[in-house]
Amino acid sequence: MSAESVGGISALPPEQLSEEDAAAELAYLAKEIAHHDALYYQKDAPDISDAAYDALRARNDALEAAFPELIRDDSPSQRVGAAPASGFAKVTHSVPMLSLDNAFSGEDVEEFVARVRRFLNLDADAEVALMAEPKIDGLSVALRYESGRFVQGATRGDGTTGENVTRNLATLADVPKRLNGEDWPEVLEVRGEVYMSKTEFQALNARQAEAGAKVFANPRNAAAGSLRQLDSTITAARNLGFFGYAWGEVSEPLGGTLQEARARLEGFGFTLNDGALYTAAKDAIAFHTDLESRRAGLDYDIDGVVYKVNRLDWVERLGQVSRSPRWAIAHKFAAERAETVLERIEIQVGRTGTLTPVAHLTPVTVGGVVVSRATLHNEDEIKRKDAREGDSVIIQRAGDVIPQVVEVIADKRPKGTKPFQFPDICPRCGSLAVREEGEVAWRCTGGLICPAQAVERLKHFVSRDAFDIEGLGGKHVEAFWIDGLIKTPGDIFRLAAHEAALKEREGWGDKSVDNLLRAIEQRRTVSLERFIYGLGIPQVGEATAKLLARTYRTLDHWREAMAQAADHDSDAYGELTDIDGVGPAMADDIIGFFAEPHNREVLDDLDELLSIEEAAAPQVSESPFTGKTVVFTGTLATMGRKEAKAKAEALGARVSGSVSKKTGYVVIGADPGSKAKKAKELGIPVLTEEEWRDMAGVD
Ligand code: IVH
């Protein structure tokens with residue numbers, strides 16, 4: 001009997017099959033297993049038992065062992081060991097996964113509570129109950145349940161899109177496959193942290209070292225590496241844990257308070273870390289102090305405490321700003337410190353020409369990571385600490401922050417050291433370096449001729465949050481720059497013309513060049529916000545790039561507006577400085593960027609080479625304010641100025657600080673100033689706070 005004719009599995013042991021029959025059976029198995037994977041993971045409707053599925057996998061393995069030359073590219077076994085980054089399907093988070101703002105002191109926490117009160121327009125002494133929870137140092141994931149069953153698990157990724165790691169998450173004992181009870185929302189997405197215990201981490205590293213495999217720097221890296229495995233049996237063997245602490249999409253509310261929601265989640269079968277509810281910030285801070293003292297005794301890494309507003313109606317009103325919620329804050333623990341020797345001070349040149357002193361250190365382990373370089377910030381910092389080459393120093397690192405030199409141990413200074421002389425010429429291009437009055441940084445004046453600046457700008461352009469070109473790291477950019485292959489951003493998209501030469505380069509093969517060129521092609525279409533961020537305009541970070549993209553929507557429109565904004569009396573200048581976080585200094589940097597002819601050439605070039613996506617208009621609800629400019633003046637009684645602004649923007653309005661002919665409405669609170677008068681003179685509709693609330697649909 002030929003397996004091919006039946007299209008199934010033969011009863012014969014593999015060694016008794018002909019090559020032809022084995023090939024046919026492997027083809028059948030590849031298709032069959034993929035079909036059951038899809039039923040199980042995507043459709044949530046498996047139609048065979050786990051045992052029957054395991055039998056299919058076992059048969060596939062046995063056949064491949066007997067006929068290794070017949071292993072197919074689409075075999076389920078081939079998902080093992082491929083590059084993790086490209087091996088997972090993408091998942092778009094229906095509710096973005098945010099990060100948290102940090103507080104480093106008790107005052108920062110008090111200020112957080114004060115900010116919450118201001119936003120909600122509460123009295124200065126109004127009670128704001130906070131839930132305090134340990135901040136787990138792992139990686140965040142989203143677990144989706146439909147009809148009480150686990151249907152999808154994803155990593156955070158960039159917050160908008162993550163990777164589908166369902167199969168791997170399903171191996172965690174802390175991830176319920178079915179929810180307990182029956183009162184769960186039809187759709188429930190639970191968010192939380194996947195982590196590796198310290199015990200498990202040490203055991204894993206011991207095994208890895210034994211096997212001559214890579215050891216992990218810390219439990220968080222180990223957890224991330226273990227979750228992003230294409231073979232879920234590896235994940236299963238790593239004993240990862242999961243603590244739930246938040247939720248994304250839910251088809252019905254989980255309660256009126258976080259405390260209630262936490263109890264529901266526990267009832268469904270999730271493990272939550274201990275949380276404690278406090279009505280006074282000072283008590284919440286005491287929880288932080290206590291936990292920090294117990295930190296070393298816990299079997300998992302924590303790096304602080306998260307405080308969250310307990311009332312969920314307030315949470316809803318508070319919303320988010322940029323990438324962080326206004327209703328939560330992470331109170332970090334003090335940084336970990338270590339002593340080492342400062343061997344040498346090197347001056348690095350950044351993309352905007354800033355000269356940054358970097359300390360080269362005798363390598364030392366701080367908080368589980370080996371540190372060999374630390375920043376010394378600037379000339380004044382070196383002087384203040386009197387840091388010299390040869391000194392013993394204390395360094396610290398906190399979270400992902402670049403390690404810093406905290407202080408010099410004066411008693412240990414060797415003889416013959418000299419105070420560090422900050423250079424007044426650029427170490428890379430020899431141009432004069434200057435330190436402007438009132439500034440802390442020395443800057444290279446070489447501008448476009450300075451190779452360091454050019455290379456740093458290109459590195460920024462291809463970096464993860466900008467064009468994100470996989471396979472084009474800093475070292476490659478530098479080498480390609482030196483050889484004249486990439487001098488401007490546009491050259492990256494002309495690299496394919498040098499394909500043959502690239503394949504000849506040392507360290508590059510056909511495959512890596514093909515991959516690189518493919519990665520570049522994929523980035524020919526880019527969002528306007530990534531494009532703007534990638535330009536590396538001084539002070540323009542991701543959050544501002546996003547706001548600029550939303551405001552101007554297309555590159556053409558933005559360029560036109562920036563040309564007009566050169567005139568500070570223009571409406572275009574007003575529109576620019578009305579953007580959250582764009583002050584006069586940043587506005588000047590942006591306008592200055594467009595004033596430079598070379599930058600305009602780069603933009604023309606990129607505009608021809610790329611297709612830059614028009615930024616989506618923010619999701620707005622239709623209202624009388626949609627498309628209008630609204631000015632708030634005077635004190636509102638029922639909401640803070642920021643909440644009013646956020647509300648108006650959610651309704652599609654632009655909020656401005658000044659009244660002009662173009663203003664749509666002026667909303668007047670108590671004690672309005674000259675703006676109310678000006679509105680009346682110009683005949684612009686004026687609303688009372690109540691009228692505004694009515695029209696905006698605030699109840
Ligand atoms: S609440 C921002 N609670 O910390 C969305 N986050 O640094 C709500 N984290 O992205 C997060 N423990 O991955 C929350 N108890 C906890 C947490 C926690 C760890 C992580 C989370 C977040 C990151 C921000």
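Please read these numbers as outputs of a predicted model, since none were measured by experiment.

Chemist: Quick question: what am I supposed to make of the sheet that holds strand β23 (residues 629–633) here?
Modeler: Pairing between the strands of a sheet is mediated by backbone hydrogen bonds and can be parallel or antiparallel. Ordered by their spatial adjacency, four strands build an open sheet running β24-β23-β25-β26, and the pairing between neighbours is parallel. Only two strands of the sheet have a single neighbouring strand rather than two, namely β24 (654–656) and β26 (686–688). Going from strand to strand, the sheet's axes swing by 30° on average, the running direction of each strand aside. Here strand β25 (residues 665–668) pairs with β26 via three bridges, running parallel. By the bridge assignment for β26, Val667 is matched with Leu687. In this fold helix α26 (residues 674–682) packs onto β23, β25 and β26, with an angle of close to 140° to the strand it touches most, β23. The sheet strands contacting helix α27 (residues 689–696) are β23, β25 and β26, and the helix crosses β26 at an angle near 95°.

Chemist: It is not clear to me how the pairing of strand β10 (residues 302–309) should be interpreted in this structure. Could you clarify?
Modeler: Consecutive side chains along a regular strand alternate between the two faces of the sheet. In terms of burial, β10 is largely enclosed, as eight of its eight residues are buried. Relative to β10, strand β3 (residues 130–136) runs antiparallel, the two sharing seven bridges. For Glu133, the partnering residue across the bridge sits in β10 and is Val306. Bridge count for β10 against strand β13 (residues 328–332) is five bridges, and the pairing is antiparallel. Following the sheet pairing, Tyr307 is matched in β13 by Ile329.

Chemist: Honestly, the environment of Ala441 in this entry has me stumped. Any pointers?
Modeler: With respect to the element layout, Ala441 can be found in the loop between β19 (433–434) and β20 (442–444). Expressed as a C-alpha distance, the spacing of Ala441 and Gln564, which sit 123 residues apart in the sequence, is 31 Å. The contacts of Ala441, once residues within four sequence positions are left out, are Thr354, Val434 and Arg435.

Chemist: What am I meant to see in a negative patch on the surface here?
Modeler: Judged by side-chain charge, Asp556, Glu560, Asp607 and Glu608 come together as a negatively charged surface patch. Where the negative patch is concerned, the elements lending two or more residues are α21 (555–565) and α24 (597–609). Of the residues examined, Asp607 reaches a relative accessible area of 33% and is grouped as partly exposed.

Chemist: Looking at this structure, how should I read empty space enclosed by the protein?
Modeler: Think of a ball as big as a water molecule: rolled over the atoms, this probe shows where empty space is left. For the structure shown, the criterion picks out one cavity of 30 Å³ or more. Counted as a void, the largest cavity has a volume near 30 Å³. As for the largest cavity, its lining consists of Ile492, Phe493, Leu495, Ala496, Leu517, Ile520, Glu521 and Arg524. The element that contributes the greatest number of residues to the lining of the largest cavity is helix α18 (residues 510–522), accounting for three residues. Of the residues contributing to the lining of the largest cavity, the split by class is six nonpolar, no polar and two charged.

Chemist: Would you mind going over the environment of Pro624 with me for this structure?
Modeler: Residue placement: Pro624 occurs in the loop between β22 (611–613) and β23. Using a relative accessible area of 35% as the deciding quantity, one classes Pro624 as partly exposed.

Chemist: How do you make sense of the packing of helix α5 (residues 106–120) against helix α11 (residues 281–294) when you look at a structure like this?
Modeler: Axis separation between α5 and α11 bottoms out at 10 Å; the angle between their running directions is 140°. When the interaxial angle is binned, α5 and α11 end up oblique. Relative to α11, the crossing made by α5 is right-handed. Within the contact between the two elements, α5 uses Gly106, Val109, Glu110 and Val113 and α11 uses Ala281, Lys282 and Ile285. Classifying every residue of the contact of α5 with α11 gives four nonpolar, one polar and two charged.

Chemist: Help me understand the sheet that holds β13, please; the structure alone is not making it clear to me.
Modeler: Read across the open sheet, the five strands follow the order β2-β13-β10-β3-β9; overall the sheet is mixed. The open sheet is flanked by β2 (102–103) and β9 (276–278), the only strands paired with a single partner. Here β2 runs beside β13; their pairing, made up of two bridges, is parallel. Its bridge partner being in β13, Asn102 is matched across the sheet by Ala330.

Chemist: Is there a simple way to think about the packing of aromatic side chains in this case?
Modeler: Two descriptors summarise a pair of aromatic rings, namely the distance from one centre to the other and the angle between the planes of the rings. Taken as a whole and judged by the stated rule, the model has 17 aromatic pairs. Taking 4.8 Å as the distance between ring centres and 10° as the angle between the ring planes, the aromatic pair formed by Tyr195 and Phe243 counts as stacked. Of this pair, Tyr195 sits in strand β7 (residues 187–195) while Phe243 sits in strand β8 (residues 241–250); the two residues are 48 residues apart in sequence, bridging distant segments of the chain. Taken together, a centroid distance of 5.7 Å and an interplanar angle of 35° make the contact between Phe480 and Trp508 tilted. Residue Phe480 is located in helix α15 (residues 474–482), and its partner Trp508 is located in the loop between α17 (499–504) and α18; the two are separated by 28 residues in the primary sequence. In terms of burial, Phe480 and Trp508 fall into one category: buried. Note that Lys487 overlies the ring of Trp481, its terminal NZ or CZ placed 3.6 Å from the centroid.

Chemist: Can you walk me through the site of the ligand in this structure?
Modeler: The full set close to the ligand counts 13 residues, and Glu133, Ile136, Glu193, Tyr245 and Lys308 are the nearest of them. Residue Pro134 places a main-chain N or O atom 3.1 Å away from a nitrogen atom belonging to the ligand. In this structure, Glu193 approaches the ligand through a side-chain N or O atom, which is 2.8 Å from an oxygen atom. Its free accessible area being 510 Å², the ligand has 88% of it covered by the protein chains.

Chemist: Where do I start with the confidence of the model for the protein chain in this structure?
Modeler: A low pLDDT means the predicted coordinates there should not be read in detail. Across the protein chain, the average pLDDT comes to 90, with 95% of residues at 70 or higher. Here residues 1–6 is modelled with pLDDT under 50, and outside its nearest four sequence neighbours on either side it reaches eight contacts, counting other chains as well.

Chemist: Quick question: what am I supposed to make of the packing of α21 against helix α23 (residues 584–595) here?
Modeler: When two helices pack together, you describe them by how their axes are tilted relative to each other and by the distance separating the axes. It is the contact of α21 with α23, at a shortest axis distance of 9 Å, that shows an interaxial angle of 105°. Viewed along their axes, α21 and α23 adopt a mutual orientation that is roughly perpendicular. Counted together, Trp558, Arg559, Met562 and Ala565 of α21 and Ile590, Ile591 and Phe594 of α23 form the full contact between these two elements. Class assignment for the residues of the contact of α21 with α23 results in six nonpolar, no polar and one charged.

Chemist: Before we go on, may I ask you to explain the pattern of salt bridges in this structure?
Modeler: Side-chain pairs of opposite charge can arise whenever the charged atoms involved come near each other. According to the stated counting rule, one finds 43 salt bridges in the structure shown. The residue Arg115 makes a salt bridge to Glu111 at a minimum N-O spacing of 4.0 Å. Within this pair, Arg115 and its partner Glu111 are both found in helix α5, separated by four residues, close to a single helical turn. Glu111 sits in the partly exposed class, given a relative accessible area of 35%. Residue Glu133 is joined to Lys308 by a salt bridge in which the shortest nitrogen-to-oxygen separation is 2.8 Å.

Chemist: Looking at this structure, how should I read the nonpolar core?
Modeler: A general trend in soluble globular proteins is that nonpolar side chains are found buried together. Ranked by size, the top nonpolar core spans 66 residues in total, and within it Leu143, Leu169, Val194, Phe242, Phe270, Tyr307 and Val309 carry the most contacts. Looking at this core, the element that brings in the most residues is α5, giving six residues. Core analysis: the next-biggest nonpolar cluster, separate from the first, contains 58 residues, Leu495, Met562, Leu603 and Leu609 among them.

Rules of the game
- Residues numbered from 1 in each chain as written.
- Predicted model: local features only at pLDDT ≥ 70, side-chain atom pairs only at ≥ 80, totals over all residues.
- Heavy atoms only, no water.
- Pairing = 2+ DSSP bridges.
- Helix = DSSP H or I, 4+ residues; strand = E, 2+ residues; numbered from the N terminus.
- Axes fitted to C-alpha atoms, helices over the stretch in contact; angles between N-to-C directions.
- Contact = heavy atoms within 4.5 Å.
- Buried < 20%, exposed > 50% of the residue type's maximum accessible area, 1.4 Å probe, protein only.
- Patch = residues over 30% accessible without salt bridge, like charges linked within 9 Å, V, L, I, M, F, W, Y side chains within 5 Å.
- Areas by Shrake-Rupley, 256 points an atom, 1.4 Å probe, with all protein chains shown as cover.
- Salt bridge = Lys/Arg side-chain N within 4 Å of Asp/Glu carboxyl O.
- Lys, Arg positive; Asp, Glu negative; His and termini not counted.
- Charge placed at Lys NZ, Arg CZ, Asp CG, Glu CD.
- 1 Å grid on protein atoms, 1.4 Å probe; cavity = no way out; pocket = protein on both sides within 12 Å on 5 of 7 lines; lining within 4 Å.
- Points joined across faces, edges and corners; volume = space filled by probe spheres on them.
- Nonpolar A, V, L, I, M, F, W, Y, C, P; charged D, E, K, R; others polar.
- Parallel < 35°, antiparallel > 145°, perpendicular 65-115°, else oblique.
- Left-handed = near helix turned anticlockwise from the far one by under 90°.
- Phe/Tyr/Trp six-rings, centres within 6.5 Å; stacked < 30°, edge-to-face > 60°.
- Lys NZ or Arg CZ within 6 Å of the ring centre and 35° of its normal.
- Near = heavy atom within 4 Å.
- Polar contact = N/O pair within 3.5 Å; in protein donor to acceptor, adjacent residues only side chain to side chain.
- pLDDT = per-residue confidence, 0-100.
- Core = buried A, V, L, I, M, F, W, Y, C linked by side-chain atoms within 4.5 Å.

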